[in-house]
Each structure stands twice: as structure tokens, then as C-alpha cells.
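# Structural overview for review
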Amino acid sequence: MRHIISILIENESGALSRVSGLFSARGYNIESLTVAPTEDPSLSRMTLVTSGSDEIIEQITKQLNKLIDVVKLIDLAESAHIERELMLVKIKTNHDTREEVKRMVDIFRGKIIDVTPHSFVVEMTGQPNKLDAFIHGFEEGCIIEVVRSGPTGISRGEKGLHL
């Protein structure tokens, strides 16, 4: 099962290395990882996506909690949460395909952020399956490049990751 683990971590050099080292030392895979400072400049929020059985995820969270840099963590999969991913896509266009690409972007609520005579760059956010559907809506060879942030998330309601 896929889990999104949200970690409040001290904003110090080496903290990311210690977390990724914990995963590699135990043979666990990190599917995606995002890190950014929080409203408190001494803390960062790390959002880590991994897969495993409940026992493996429990082991991962216990090991993460033992790291000195980790202040607090939650597994967002355990409760209601909002999940989003950012994607940038470079799409081949020509005079004949520009309108069709624009319609696809509008249908998926994306935004064209760069235009050249032979390509569009589209920015899109949403659930990972929405982003996948957008990509699969194009014929093979139309997509030049795809860059994705990986999922990030936040708990719904009063519950949150804070001190």
C-alpha cells in the first residue's frame, strides 16, 4: 500500500541525508520526496511517498522517529487528507495541433506557461491519476518532456503537523 509520510524536521544540513540513508540502509524505496521550509525557519516539512505493508510502514515510522533531526511525523494515509502533485509537460505542436492541445489543457484545467513555434509547456496540478490521464490523452511522440514533483499532502480538518 502507498503511504504519504509528512515529517517536520530540523532545517539543518545533513537532515535529508540521514532520512534517505535510513531508507537505503534498510532496502526501502522512496517513490518521491519533497522538502521545503515551513513558517518557522528552523523547521522544514518533508513529504515522503513510499510503499509497503502496514508492518513495514510501522517500522519506517519508528526508525524515522528515532532520528535526532525528526521533530514530528504523521502518515497521511491514516486519515482524511488532501493530496496534489505538480507537473510540467512540454508538448510538440504545429499549426494544425495547437487548438486541440489548448482544448485538452482547458479540459484538464491546466495552464500554458510557455509557447514556442513548435511546443507548449503546460503547468498542471492535481491528483496523480488526473496527471496520468492528461499524458495518456496524447498520441505517442507528442510529449517531449515531463517533470513531476511527486505527491505532497496535508491533513484535512483540525488535525495537522505542527508543534
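What comes next is a walk through the structure. (Residues numbered from 1 in each chain as written. Predicted model: local features only at pLDDT ≥ 70, side-chain atom pairs only at ≥ 80, totals over all residues. Heavy atoms only, no water.)

### Concerning helix H1 (residues 15–26)
Formally: Runs of H or I in DSSP of at least four residues are treated as helices and runs of E of at least two as strands, each being numbered from the N terminus. How far a helix is expected to stretch is found by multiplying one less than its residue total by 1.5 Å. Categorising residues by exposure relies on relative accessible area from a 1.4 Å probe, with only protein chains included: less than 20% of the type maximum marks a residue as buried, more than 50% marks it as exposed, and the intermediate range marks it as partly exposed. Here, the arc refers to the directions that run from the helix axis to the C-beta atoms. Throughout, a residue-residue contact means that at least one pair of heavy atoms, one from each residue, lies within 4.5 Å.
Between its first and last C-alpha atoms H1 spans 17 Å; for 12 residues at 1.5 Å apiece the expected length is 16 Å, and the two agree. Listed in full, the buried residues belonging to H1 are Ala-15, Val-19, Leu-22 and Phe-23. Along H1, the residues classed as buried sweep out an arc of 90° about the axis, all on the same side. For H1, the exposed residues set more than 90 degrees away from the buried face come down to Ser-24 and Ala-25. Where H1 is buried, its residues contact strand S1 (2–10), strand S3 (43–51) and helix H2 (54–66).

### Topic: the nonpolar core
For the record, the criterion: Residues enter a nonpolar core if they are buried and are Ala, Val, Leu, Ile, Met, Phe, Trp, Tyr or Cys, with the set joined through side-chain atoms within 4.5 Å.
Grouped together as the largest cluster of nonpolar side chains are 15 residues, with contacts concentrated most on Ile-7, Ile-9, Val-19, Phe-23 and Leu-64. Looking at this core, the elements that each hand over two or more residues are S1, H1, S3, H2 and strand S4 (70–75). Counting residues per element, this core draws most heavily on H1, which supplies four residues. Not counting chain neighbours up to four residues away, the residues in contact with Ile-9 comprise Ala-15, Val-19, Ser-42, Leu-43, Ser-44, Met-46, Asp-69, Val-70 and Val-71. The next biggest cluster of nonpolar side chains, apart from the first, holds 13 residues, and it includes Val-89, Val-101, Phe-120 and Met-124.

### Let's talk about the pattern of salt bridges
For clarity, the threshold we go by: The term salt bridge refers to a pairing of a side-chain nitrogen on Lys or Arg with a carboxyl oxygen on Asp or Glu at a separation within 4 Å.
All told, the structure shown has seven salt bridges when counted by the stated rule. For Arg-148, the salt bridge goes to Glu-85, with nearest N and O atoms at 2.8 Å. A residue pair is termed long-range when its members are at least 10 positions apart, and Arg-148 in strand S8 (residues 143–148) and Glu-85 in strand S5 (residues 81–92) qualify at 63 residues. The class of Arg-148 is partly exposed, set by a relative accessible area of 30%.

### Some words on the side chain of Thr-93
Positionally, Thr-93 belongs in the loop between S5 and helix H3 (98–107). If sequence neighbours within four positions are ignored, Thr-93 has contacts with Arg-98, Val-101, Pro-117, His-118, Ser-119 and Phe-120.

### Some details on the packing of aromatic side chains
Basically, it comes down to this: Centres within 6.5 Å are what make two rings of Phe, Tyr or Trp a pair, Trp counting through its six-membered ring; a difference in plane orientation under 30 degrees is then read as stacked, over 60 as edge-to-face, and the rest as tilted.
Inspection of every chain in the model, using the stated rule, returns three aromatic pairs. Ring centres of Phe-23 and Tyr-28 lie 6.3 Å apart, and the angle between their planes is 75°; on these two criteria the pair is classed as edge-to-face. What links up through ring pairs into an aromatic cluster is the set Phe-108, Phe-134 and Phe-138.

### Looking at the sheet that holds strand S2 (residues 32–37)
What counts, and what does not: In this description, strands pair whenever DSSP reports at least two bridges between them. Axis lines are fitted through C-alpha atoms, for helices just across the contact stretch, and the angle between N-to-C directions can take any value from 0 to 180 degrees.
Spatially, four strands are ordered S2-S3-S1-S4 in an open sheet, and the strand pairing comes out antiparallel. Pairing within the sheet leaves two strands with one partner each, and these edge strands are S2 and S4. Taking the axes of each pair of neighbouring strands and ignoring which way they run, one obtains an average angle of 15° across the sheet. Pairing analysis gives nine bridges linking S1 to S3, with the strands arranged antiparallel. Each residue of the ladder has a partner; that of Ile-4, found in S3, is Val-49. Across the sheet, H1 lies against S1, S2 and S3, angled at about 20° from S3, the strand it touches most.

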